[in-house]
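Commentary on secondary and tertiary structure
Residues per chain, in single letters:
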Amino acid sequence: MERGWATGPDLGGRTNTNRLSTARAQSPAGPPPLGSPPGTAKPCHFLGTANQMPMSSPEATLRSGGKPPNGFPDAGTEDHSSQVYHCFHAIKIKKNYLPLCAIRWSSTSVVPRITTHYTVYPRDQDKRWEGVNMERFAEEADVVIVGAGPAGLSAAARLKQLAAQHEKDIRVCLVEKAAQIGAHTLSGACLDPRALQELFPDWKEKGAPLNTPVTEDRFGILTEKYRIPVPILPGLPMNNHGNYIVRLGHLVSWMGEQAEALGVEVYPGYAAAEVLFHEDGSVKGIATNDVGIQKDGAPKTTFERGLELHAKVTIFAEGCHGHLAKQLYRKFDLRANCEPQTYGIGLKELWVIDEKKWKPGRVDHTVGWPLDRHTYGGSFLYHLNEGEPLVALGFVVGLDYQNPYLSPFREFQRWKHHPSIQPTLEGGKRIAYGARALNEGGLQSIPKLTFPGGLLIGCSPGFMNVPKIKGTHTAMKSGILAAESIFNQLTNENLQSKTIGLDVTEYEDNLKKSWVWKELYSVRNIRPSCHSILGVYGGMIYTGIFYWIFRGMEPWTLKHKGSDSDKLKPAKDCTPIEYPKPDGQISFDLLSSVALSGTNHEHDQPAHLTLKDDSVPVNRNLSIYDGPEQRFCPAGVYEFVPVEQGDGFRLQINAQNCVHCKTCDIKDPSQNINWVVPEGGGGPAYNGM
């Protein structure tokens, strides 16, 4: 069976028995319409062409190579680098950056073609696609939700709760690009249970995996050798009394089970690749990704079109920097009256430590070393109570940093060697790694949330409370409010819509009346206050004085300083950063870390990291900024390697490594990288991250 349509375990490891999966299993030629009874599939056959030859350009660095299903050797294998990752080190890049004399080198030959994706090279202009059946099946629903994270699942569950209470029949379909619900979810996570309590008042009886109430709260400023404790006073954003340390992927999986039990149709392994529109311009729904396309962009004999899902309202809950949301921002000018979003990258590991050092319920946050005061960031170290001495630790770096030589991954590895951190990890074992981008813009960066036929919820528009370092509770509440607003319109018999797709403006009004808006308004000035000459410490002073006194009621609103992609300085104006070599005990290399994420993609497909112009990485990014993509990516996706003929370098994209963090799309100083979805089911396979 073609990999893109393979059935697999559903939530909790059991066999998925929903209608789509049943039809998948009975239709080797491809998926039938969602909800069709078995045997009614109408496969879209493809007549092969003579152009289906393997692509001759260099293959991605990481590949399965006969290794275990996740494409990597056993994480405990000592020689995995030499066995699988030797291509990554084909050239010796000292200290992970090219020598300064190389920054102006560029290829003297024709720019090699890197991007083959149809979003850059349309198929209607490609002769290899002539005669290919491009028919797509369509299914109708009342509401379609893109993304099975906390926000999307909250919206889905709330809609079905309301339908049951009012005895209404509402079809809710939810698509998720991860192979299993929760497999792409990554967060710290210290959870404020307020929204969960509203959605599922009996969450304890239902067995929600909130096993670790916070028992101890610590905060400190790190210098290179010392930790300066800072008291956490009641009422300050960092106070975690009443919160829970959770493995958010497990909570999301549990929420998926609750949603299914309520009647939501949950379809993991289906990536929403395209927004569909009615003739009047309103959103009609989404189309899932096509499968069966070669790396060079040509169709395979197994090519199948994606599915169309039409709805009266489509909810976009893609998470931070969603690729469909970017299109909606442009089409409906949703960011016309807000500031640019600003972001951070969060890197995380799970460790099993010595039980004697384990303090279940302890929450520890730091700022300072190894970052300078002008680089926003900090760390967390949470002690979980999950039946074994488990800790979750991570490092966040604001993506408005200026030095192109900075590597967030290496800053994270260096931080673990601090005298206040390393003793906790000594004698322990790292068992998981991952990374993701997060919104830091706060209230000032929230776009218009509604448009004809759809709306935005969760981390897609960005409801994170930055000084509190929490966004799950606000994302869930936005999903709840969206569901209630949509339900009111769907059941309003006197509703007269101006467009075919419903414009649920009530949602944004309700959100602004909720505790979400009040909470974000109160902390709106804390993150931008870090842009002063005092940097992060200026933000701490602002928090201690103005937030403590005014609680966000000060009569001014500070602004951010523009887009993160504009912040890098030229390499010639910056000092290269000398990072210590990882010791393999506390700190590790990048590729052994990626192996612990379980990341895997179908190798023979066009790279989903697309470039608008294949010449820009070398001619601009490498020439001016010394190729920052090779450092800001936390998964080794981007390499500059020597060209096969002539002098200079070319960019190599190792798309199989991608953990779907979106950092490249955000931080690229040329804004030349456009992240799009790969085939559904690809990406990391996080287990409770």
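Quick caveat: nothing in here was measured; it's all calculated off a predicted structure.

Some points on the sheet that holds strand 14 (residues 343–352)
In space, the seven strands of this open sheet follow the order 6-5-15-16-17-14-18, with mixed pairing throughout. Among the strands making up the open sheet, the edge pair consists of strand 6 (227–229) and strand 18 (429–439). Direction aside, the axes of adjacent strands within the sheet are offset by 20 degrees on average. The sheet contact formed by strand 14 and strand 17 (residues 389–398) spans nine bridges and is antiparallel. Each bridged residue has a counterpart across the sheet, and for Val352 the counterpart in strand 17 is Leu390. Sheet strands touched by helix 7 (residues 408–415): strand 5 (216–222), strand 14, strand 15 (362–368), strand 16 (377–385), strand 17 and strand 18. Its angle to strand 17, the strand with the most contacts, is close to 135 degrees.

Quick look at the sheet that holds strand 4 (residues 212–213)
With antiparallel pairing, the three strands of this open sheet are ordered in space as 3-7-4. If you trace the sheet from one side to the other, it starts and ends with strand 3 (190–191) and strand 4, each paired once. Strand direction decides the pairing type here: strand 3 and strand 7 (residues 244–245), joined by two bridges, are antiparallel. Bridge assignment links Leu191 to a residue of strand 7, and that residue is Tyr244.

Observations concerning the packing of aromatic side chains
For the structure shown, the criterion picks out 11 aromatic pairs. Taking 6.3 Å as the distance between ring centres and 50 degrees as the angle between the ring planes, the aromatic pair formed by Phe277 and Phe332 counts as tilted. You can see Phe277 sitting in strand 9 (residues 272–277) and its partner Phe332 sitting in helix 6 (residues 323–332), a full 55 residues away along the chain. Relative accessible area serves as the criterion here: at 33%, Phe277 is assigned to the partly exposed category. Taking 6.0 Å as the distance between ring centres and 40 degrees as the angle between the ring planes, the aromatic pair formed by Phe395 and Trp415 counts as tilted. With a gap of 20 residues between them, Phe395 in strand 17 and Trp415 in helix 7 connect regions that are remote in the sequence. Since its relative accessible area comes to 1%, Phe395 is described here as buried. These aromatic residues form a ring-pair network of at least three members: Phe277, Phe316, Phe332 and Phe451. Over the aromatic face of Tyr121 sits the side chain of Arg113, whose NZ or CZ is 3.9 Å from the ring centroid. Over the aromatic face of Trp129 sits the side chain of Arg123, whose NZ or CZ is 4.7 Å from the ring centroid.

Thresholds applied
Residues numbered from 1 in each chain as written. Predicted model: local features only at pLDDT ≥ 70, side-chain atom pairs only at ≥ 80, totals over all residues. Heavy atoms only, no water. Pairing = 2+ DSSP bridges. Helix = DSSP H or I, 4+ residues; strand = E, 2+ residues; numbered from the N terminus. Axes fitted to C-alpha atoms, helices over the stretch in contact; angles between N-to-C directions. Contact = heavy atoms within 4.5 Å. Phe/Tyr/Trp six-rings, centres within 6.5 Å; stacked < 30°, edge-to-face > 60°. Buried < 20%, exposed > 50% of the residue type's maximum accessible area, 1.4 Å probe, protein only. Lys NZ or Arg CZ within 6 Å of the ring centre and 35° of its normal.

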